[in-house]
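What follows is each chain in one-letter form.
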Amino acid sequence: MSRPAHQRPAYHKINKDLFVLTYGALVAQLCKDYEKDEDVNQYLDKMGYGIGTRLVEDFLARSCVGRCHSYSEITDIIAQVAFKMYLGITPSVTCNNSSRNEFSLILDKNPLVEFVEELPAGRSSLCYCNLLCGIIRGALEMVHLAADVTFLQDRLKGDSVTEIGITFLKKREEKKYRRKK
């Protein structure tokens, strides 16, 4: 049977605490499986990238955002709509250069570290929330934008804020096809 056209599909939300605890268990297991922090960071980024490539479709369907015309507009949508929709927070956005292709998302509150007091001993270069960088990078790539996404500051490492840096590398060329007459 098909669903009536006027009804929106039901979206099931999982409990935020369950997600945060499950994520913590995942990171703990990765720390046991990999000796080097760089390997854990790379794996989290890779997982996030896979999530981002799939999540962008859900985001575009649910948010009804239109076409963005600048990197600034894209970053605002990420902060004000996507983070709010999926994590329940709204980071502040700052532009870091005059060419307007480098931005920072500053998270006053990071729900992924809600139950984490500090990084494990001997894991000082671990980027605990590197999954977020992969998600953003994967989602941007699916809308034909290449970006470098990294953690610039992290409260778990003693910084005053958690800051994610987004550098748009270049806009991918869209081929325009002309209709034959």
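It should be noted that the structure appears before, not after, this text.
These remarks concern the structure in this document. Note that the coordinates shown come from a computational prediction; the quantities given were computed from them, not determined experimentally. (Residues numbered from 1 in each chain as written. Predicted model: local features only at pLDDT ≥ 70, side-chain atom pairs only at ≥ 80, totals over all residues. Heavy atoms only, no water.)

**Remarks on the packing of aromatic side chains**
Keep this limit in mind: Only rings of Phe, Tyr and Trp enter the pairing, Trp through its six-membered ring, and a pair is recorded when the two centres are within 6.5 Å. The plane angle decides the type: under 30 degrees is stacked, over 60 is edge-to-face, the rest tilted. A run of H or I in DSSP becomes a helix once it reaches four residues, and a run of E becomes a strand once it reaches two; helices and strands are each numbered from the N terminus. For each residue, the accessible area found with a 1.4 Å probe, counting protein chains only, is set against the maximum for its type, and the residue is called buried under 20%, exposed over 50%, and partly exposed in between.
Across all of its chains, the model carries 4 aromatic pairs by this definition. Taking the centre distance of 5.8 Å and the plane angle of 40° together, the rings of Tyr 34 and Tyr 43 count as tilted. Measuring from centroid to centroid gives 6.2 Å for Phe 103 and Phe 168, while their planes differ by 75°, and the two rings are edge-to-face. Residue Phe 103 is located in strand 2 (residues 102-107), and its partner Phe 168 is located in strand 4 (residues 162-171); the two are separated by 65 residues in the primary sequence. As far as the burial class goes, Phe 103 and Phe 168 line up, both buried. Members of the aromatic cluster, joined through ring pairs, are Tyr 71, Phe 103 and Phe 168.

**Quick word on the pattern of salt bridges**
Selection criterion: For this document, the term salt bridge refers to a Lys or Arg side-chain nitrogen within 4 Å of an Asp or Glu carboxyl oxygen.
For the structure on display, the rule yields 3 salt bridges. Residue Asp 45 is joined to Arg 137 by a salt bridge in which the shortest nitrogen-to-oxygen separation is 2.5 Å. Of this pair, Asp 45 sits in helix 2 (residues 37-63) while Arg 137 sits in helix 4 (residues 130-142), and the two are 92 residues apart along the sequence. Residue classification places Asp 45 among the buried positions, given a relative accessible area of 16%. For Arg 62, the salt bridge is made with Asp 58, and the minimal N-O distance between the two is 3.3 Å. You can see Arg 62 and its partner Asp 58 sitting in helix 2, 4 residues apart, about one turn around the helix.

**Looking at the side chain of Ser 104**
As a reminder of what qualifies: Nitrogen and oxygen atoms within 3.5 Å of one another constitute a polar contact, given that in protein one can donate a hydrogen and the other can accept it, and given that sequence-neighbouring residues count only through two side-chain atoms.
Among the structural elements, Ser 104 can be located in strand 2. Its relative accessible area of 0% is what places Ser 104 among the buried residues. At 2.7 Å, the side chain of Ser 104 forms a polar contact with the side chain of Asn 96.

**Focus: the side chain of Thr 162**
Stated precisely, the cut-off is as follows: Whether two residues touch is decided by their heavy atoms; if any such pair falls within 4.5 Å, the residues are in contact.
Counting through the fold element by element, Thr 162 comes out in strand 4. In terms of polar contacts, Thr 162 uses its side chain to reach the backbone amide nitrogen of Arg 155, at 3.4 Å. What Thr 162 contacts, discounting residues up to four positions off in sequence, is Leu 105, Ile 106, Leu 107, Asn 110, Phe 151, Gln 153, Asp 154 and Arg 155.

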